[in-house]
Amino acid sequence: MRKNLFLSFFVTCWLLSAVCHAGAGTSGAQFLKIGIDAKTSALGGVGAVSSGPESLFLNPAGIYCGSARTAVNLSQAMWIESVNYSNVAISREFGFGALGLGVNYLSVPAITKYDSAGAKQEESYSPTDMAVTLGYGNKISAALSYGVNVKYISSKIDTETAAAFGGDLGAQYLFNDLRLKLGAVIQNIGTQLKYVNEGDPLPTTFTLGAKYTLPVNSKLDECFKIDHGVNFNLDVNYVNDSGAIGRFGIEYARNFGEFGCALRTGYKTNVAGLTGSAGLTAGLGLEYNDYSLDYAFVTYGVLTDVHRISLGMKW
């Protein structure tokens, strides 16, 4: 029954992605396609099987972890051409599931204005984009979880503004041996982002992902209570305006009681029409009790390199 339900979800998402493909074209709110937290970015951008508050932006099925706690994730990136991208996500688990609230905010450095004749003006403007997301996640069983988001998206260029509403739907399935986890999510289904009389669809994205954990055990580890293993992550994305994208990541994680550390690397393929978007990613993570610090380095070929930092806490 559980496997049939999960299979039905995959088929439904696949059909929805086919509908998205039929209307493929240029999308608005492109900032929604930018990586969010440092851990995910260091692993090549994989996120369908993520867990924690940052899952609000990746797969809302992951915001419910069964710990009945409050968790926060703060991320900051200086993106291409000094574009600033900030994200905050908070989740809280209750008896009826988990609720999440997230905010994405992107700002572009000041741009000088020119008149219709090409003459430089004294004034300037700074384009901004923002998304506010409300999410809910829960478990159908110990193995199967689901999540749903609703979001408000706004964009401003000079004196003109645009707004849209969107939604996400996701599921995750954890096999009995706890080593293999599957995820599926469809994101940014919604209204057009419309400036004046011109509107663009949201960048609807369909993602299938998997994570396999390979434990590393030895007598020495048992003696010193060291827990470590290797996680292999894979995502396949389909975006309505840029086609298929592949992402792969490897993480070596090691825990020493209250302290934990992780080394991460990954690879992302080219986005259609954006030469140089493929490349290697790398990063590391540190944990102490209920606090975490993650760093990611992402290459964008001839464009630039991006550094991203995330802070997390639970209570």
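This section reports on the structure supplied with the text. Everything numeric here is computed off the predicted structure, so don't read it as measured data.

## Digging into the pattern of salt bridges
Opposite charge on two side chains permits them to pair, given that their charged atoms come into close proximity. Scanning all chains against the criterion turns up five salt bridges. As a salt-bridge pair, Lys 33 and Asp 241 come within 3.1 Å of each other at their nearest N and O atoms. Here Lys 33, found in the loop between α1 (2–22) and α2 (38–42), pairs with Asp 241, found in the loop between β13 (226–239) and β14 (243–256); they are 208 residues apart in sequence, far enough to count as distant. Classification of Asp 241 as partly exposed rests on a relative accessible area of 23%. Where Asp 290 meets Arg 69, a salt bridge forms, and the shortest distance between an N and an O atom there is 2.9 Å. Within this pair, whereas Asp 290 is found in the loop between β16 (279–288) and β17 (291–299), its partner Arg 69 is found in the loop between α2 and β1 (70–78), the two being separated by 221 residues in sequence. Judged by relative accessible area, which is 28%, Asp 290 ranks as partly exposed. The exposure class of Arg 69 is partly exposed, given its relative accessible area of 27%. Connected through salt bridges with shared partners, the residues Glu 251, Arg 264 and Asp 294 form a single ionic network.

## Describing unusual backbone geometry
In the Ramachandran plot, Ala 29 falls in the positive-phi region, its phi being about 50 degrees despite a non-glycine side chain. Locating Ala 29 in the fold gives a position in the loop between α1 and α2. A relative accessible area of 7% places Ala 29 in the buried class. In this structure, Asn 188 is a non-glycine residue whose phi angle is positive, near 60 degrees.

## Let's talk about the packing of aromatic side chains
Inspection of the entire model under this criterion finds five aromatic pairs. Its end group placed over the ring of Phe 94, Arg 92 keeps NZ or CZ at 5.8 Å from the ring centre.

## A few points about the side chain of Asp 168
You can see Asp 168 is positioned in strand β8 (residues 160–174). What makes Asp 168 buried here is its relative accessible area of 3%. There is a polar contact of 3.0 Å between the side chain of Asp 168 and the side chain of Asn 149. Within the structure, Asp 168 has its side chain in polar contact with the backbone nitrogen of Asn 188 (distance 2.9 Å). Filtering out sequence-adjacent residues up to four positions away, Asp 168 remains in contact with Leu 56, Pro 60, Gly 147, Val 148, Asn 149, Lys 151, Ile 186, Gln 187 and Asn 188.

## Some details on the environment of Leu 286
Tracing the backbone shows Leu 286 in strand β16. In the structure, Leu 286 is positioned 31 residues away from Asn 255 in sequence and 9.8 Å away in space, judged by C-alpha atoms. If near-sequence neighbours (up to four positions away) are discounted, Leu 286 is found in contact with Phe 259, Gly 260, Cys 261, Tyr 291, Ser 292, Leu 293 and Asp 294.

## Focus: the environment of Leu 99
Looking at where Leu 99 falls in the secondary structure, it is placed in strand β3 (residues 97–107). The exposure class of Leu 99 is partly exposed, given its relative accessible area of 38%. Taking the C-alpha atoms as reference points, Leu 99 and Pro 53, separated by 46 residues in sequence, lie 9.3 Å from one another. When sequence neighbours within four positions are dropped, the list of residues in contact with Leu 99 reads Ile 63, Ile 90, Ser 91, Arg 92, Phe 94, Gly 135 and Tyr 136.

## Things to note about the pairing of β17
Regular strands place side chains that alternate from one sheet face to the opposite one. As paired elements, β16 and β17 share eight bridges and run antiparallel to each other. Pairing of Thr 281 across the sheet is with Val 298, part of β17. In the sheet, β17 pairs with strand β18 (residues 305–314) via nine bridges, with the strands oriented antiparallel. Residue pairing for β18: Ala 296 is matched across the bridge by Arg 308.

## A few points about the nonpolar core
Membership of the largest hydrophobic core comes to 16 residues, with the highest contact counts inside it found for Ala 29, Phe 31, Leu 32, Tyr 85, Leu 106, Ile 153 and Leu 193. Apart from residues no more than four positions distant in its own chain, Leu 32 is found in contact with Asn 104, Ala 131, Ile 153, Asn 188 and Pro 203. Counting five residues, the second-largest nonpolar core is a separate cluster that includes Ile 80, Val 298, Tyr 300 and Val 306.

Rules and cut-offs
Residues numbered from 1 in each chain as written. Predicted model: local features only at pLDDT ≥ 70, side-chain atom pairs only at ≥ 80, totals over all residues. Heavy atoms only, no water. Salt bridge = Lys/Arg side-chain N within 4 Å of Asp/Glu carboxyl O. Helix = DSSP H or I, 4+ residues; strand = E, 2+ residues; numbered from the N terminus. Buried < 20%, exposed > 50% of the residue type's maximum accessible area, 1.4 Å probe, protein only. Phe/Tyr/Trp six-rings, centres within 6.5 Å; stacked < 30°, edge-to-face > 60°. Lys NZ or Arg CZ within 6 Å of the ring centre and 35° of its normal. Polar contact = N/O pair within 3.5 Å; in protein donor to acceptor, adjacent residues only side chain to side chain. Contact = heavy atoms within 4.5 Å. Pairing = 2+ DSSP bridges. Core = buried A, V, L, I, M, F, W, Y, C linked by side-chain atoms within 4.5 Å.

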